[in-house]
Amino acid sequence: MLAHLSIRDIVLIRRLDITFGAGLSVLTGETGAGKSILLDALSLALGARGDASLVRNGADEGQVIAAFEIPPGHLATDILIEEAFAAEDGQIVLRRVQNADGRTRVFINDQPASVNLMRRVGRALVEIHGQHDERALIEPDTHRDLLDSWAGHAGLARDVAGAWQTWRNAVEAFAEQEAKVEAASREADYLRASMDELSALEPAPGEETLLAEERATMMRAEKIALEIHEAEQLLSSDGSPIAELSALLRRLTRKAPDAPEYVDPIITPLDQALSNLDTVQSEIDSVIRAMEYDPQRLEDTEARLFALRAAARKYNVPVDDLAELRDRFAADLADVDAGGEKLKALRAKVDQAKAEYDRLAGNLSLKRHDAAVPLAAAVAAELPALKLEKAEFAVDVSSDAESGGPAGIDHIEFVVRTNPGSRAGPLMKVASGGELSRFLLALKVVLAERGSAPTLVFDEIDTGVGGAVADAIGDRLARLARRVQVLSVTHAPQVAAKAETHFLISKDTEDENSTVTGVEQISDAGRQEEIARMLAGAAITDEARAAAGRLLTETWSKAS
């Protein structure tokens, strides 16, 4: 239930703190005192659309805090847990800050949140109904939910929604596989030829880089290979100068003793030259072994590299992706080859899911048809006391197995006939404003135990009705309040007298430029005076006070 409401700088409210209790609470006051402002502020904390005009003139921002006490496992707690919000057992605090520049901030349990989440949580905590509030009555989807809640079908309805989703997922999986197989079948020849070509090529990731590096190395070797081999042949062939120079050195060495002064200067450098030539020959042999240059290997490497690059151009992929492409072609061919079996299995899943949905939806439909009559009878039983004794209320259930959805196969709508002989029709088209509010109240009385938020707010639903009807409305609000918390903004003294808690809304002038709205909980004596004002108007008479006393006494005696 709503335990506390704190408002700061909203329209005419400067500072207001209200503590609410269980049962029926009424809010009364003269026209223009600010009752609608109070409800606007509460709506803001429940996720209603923000507006800069709500901020009190001269203030930078306005703020509303609504604190709720809730039982364990409540829907609002489940919503917060689903959204990864801190959810303390037994309490939820909604805070809304509205800036004068139009910006708005939302907090749930002191955590920043979105307006959408606040709205979802707010709807689980509070329902606000007014004379012209159409949300609960004009939408057939809402009627279906109300019937399910009243009849205890919520669990089965969730099962139907789950079965619907399972069926649709199976249909989508089948359609996706079918399209894939059809596309692959159309390209089967191309896929097979391409896979065969790539399989024969046997590409490997990273192969292009290795081949390119090897090719570059061999091409560098090719450029100097001829000269290296020419040098090797010159020094190793029969015509090598080494042999002649060696013979010359031997002859000079033998004659050196005869003329050393002439021969020795020649022998030394010649010997060094021969030694250097030996070194050159040895280095040439080492270089030739290191190069390992093979023209055929270069040719094979270039052929392999060019084949890989040609395939990459053909299939418009990098060379390194050719192996993956080959595998993908193979998988697509496997889908073609095994497509029939896969489609058969997926088709079976679709049929199985559809059969399960049909079974659950059909079962739910039967239960809805069975529950429609007793719900209509329960609502109809409330109508005579609300001066709708000639009205008829029915729950119209029509079913179409071919147009099912996540909510089942039923279209459900509340229809009424307000006068004998008139045509039955949807509530919003048949009932007048006053009749609509009374139908709404009858519905809420019947649905309160099974399909209601923990707090119900009624905004002047007694407008335009007389004493007996107003008294009946008050009785039903009091009955509702035995099950849920009820707040009612009312102009009817008969309704006000039924309340357990009475708040008086008034408007005061602080100075010539400032008017503020205030709210106070009034005592029994204050209640009698306020109800007398509601009976008599501006001039409160003793007769009005006596009548107010009788209303209160009658209420207290019934309660006891």
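Described in the following lines is the structure provided in the data block. (Residues numbered from 1 in each chain as written. Predicted model: local features only at pLDDT ≥ 70, side-chain atom pairs only at ≥ 80, totals over all residues. Heavy atoms only, no water.)

1. Points about the packing of helix α2 (residues 75-82) against helix α3 (residues 115-125)
Between α2 and α3, the least distance of the axes is 8 Å, while the angle of their chain directions is 160°. Our classification of the angle between α2 and α3 gives roughly antiparallel. Handedness of the α2/α3 crossing: right-handed. Seen from α2, the contacting residues are Leu 75, Ala 76, Ile 79, Leu 80 and Glu 82; seen from α3, they are Leu 117, Arg 120, Val 121, Ala 124 and Leu 125. A breakdown of the residues in the contact of α2 with α3 according to their chemical character gives 8 nonpolar, no polar and 2 charged. (Axes fitted to C-alpha atoms, helices over the stretch in contact; angles between N-to-C directions. Helix = DSSP H or I, 4+ residues; strand = E, 2+ residues; numbered from the N terminus. Parallel < 35°, antiparallel > 145°, perpendicular 65-115°, else oblique. Left-handed = near helix turned anticlockwise from the far one by under 90°. Contact = heavy atoms within 4.5 Å. Nonpolar A, V, L, I, M, F, W, Y, C, P; charged D, E, K, R; others polar.)

2. Quick notes on the packing of aromatic side chains
Applying the stated criterion to the full structure yields 8 aromatic pairs. The interplanar angle of 80° and the centroid separation of 5.4 Å between the aromatic rings of Trp 164 and Trp 167 together place this pair among those described as edge-to-face. Of this pair, Trp 164 and Trp 167 both sit in helix α6 (residues 154-186), 3 residues apart, which is roughly one turn of the helix. Residue Trp 164 is classed as buried on the basis of its relative accessible area, which comes to 17%. Residue classification places Trp 167 among the buried residues on the basis of a relative accessible area of 14%. (Phe/Tyr/Trp six-rings, centres within 6.5 Å; stacked < 30°, edge-to-face > 60°. Buried < 20%, exposed > 50% of the residue type's maximum accessible area, 1.4 Å probe, protein only.)

3. Examining unusual backbone geometry
In this model, Val 11 sits at a positive phi of 50°, which is unusual for a non-glycine residue. As for its position among the elements, Val 11 is in the loop between β1 (2-10) and β2 (13-19). Positive phi, normally seen in glycine, also occurs at Asn 316, with a value near 55°. By the element assignment, Asn 316 lies in the loop between α11 (295-315) and α12 (322-382). When its relative accessible area of 69% is taken as the criterion, Asn 316 is described as exposed.

4. Things to note about the environment of Leu 552
Within the secondary structure, Leu 552 sits in helix α18 (residues 542-559). Linking Leu 552 and Arg 220, residues 332 residues apart in sequence, is a C-alpha distance of 113 Å. Each residue touching Leu 552, except ones within four places of it in the same chain, is listed here: Ala 497, Asp 524, Arg 527, Gln 528 and Ile 531.

5. What about empty space enclosed by the protein?
A water-sized probe rolled over the atoms picks out the places where empty space is left. Counted according to the given criterion, the structure contains 2 cavities of 30 Å³ or more. What the largest cavity holds in volume is close to 60 Å³. In this structure, the largest cavity is lined by Leu 2, Leu 5, Phe 20, Leu 27, Leu 38, Leu 39, Leu 42 and Leu 487. At the level of secondary structure, the elements contributing two or more residues to the lining of the largest cavity comprise β1 and α1 (35-45). (1 Å grid on protein atoms, 1.4 Å probe; cavity = no way out; pocket = protein on both sides within 12 Å on 5 of 7 lines; lining within 4 Å. Points joined across faces, edges and corners; volume = space filled by probe spheres on them.)

6. Comments concerning α12
Given a rise of 1.5 Å per residue, 61 residues ought to cover 90 Å, yet the end C-alpha atoms of α12 are separated by just 78 Å, more than 12% below that figure. A maximum bend of about 65° is found in α12 at Ala 338. (Expected span 1.5 Å × (residues − 1). Bend = angle between axes of the 7 residues up to and from the residue.)

7. Quick notes on the pattern of salt bridges
A full pass over the atoms with the stated rule returns 24 salt bridges. Here Asp 9 makes a salt bridge to Arg 56, at a shortest N to O gap of 2.8 Å. Placement of the pair is Asp 9 in strand β1 and Arg 56 in the loop between α1 and β4 (61-69), with a sequence separation of 47 residues. When sorted by exposure, Asp 9 lands in the same class as Arg 56, which is buried. Linking Arg 368 and Asp 148 is a salt bridge whose minimum nitrogen-to-oxygen distance equals 2.8 Å. On the criterion of sequence distance, the pair formed by Arg 368 in helix α12 and Asp 148 in helix α5 (residues 140-151) is long-range, its members being 220 residues apart. Both residues of the pair, Arg 368 and Asp 148, count as buried. What emerges from the salt-bridge pattern is a single network uniting Glu 82, Glu 83 and Arg 120. (Salt bridge = Lys/Arg side-chain N within 4 Å of Asp/Glu carboxyl O.)

8. Here's the deal with the environment of Ile 108
Following the sequence through the fold, Ile 108 ends up in strand β6 (residues 104-108). Assessed through its relative accessible area of 0%, Ile 108 is described here as buried. On a C-alpha basis, the gap between Ile 108 and Phe 85 in space is 8.1 Å, while along the polypeptide they are 23 residues apart. When near neighbours in sequence (up to four residues on either side) are disregarded, Ile 108 contacts Leu 80, Phe 85, Ile 92, Val 93, Leu 94, Ala 113, Leu 117, Met 118 and Val 121.

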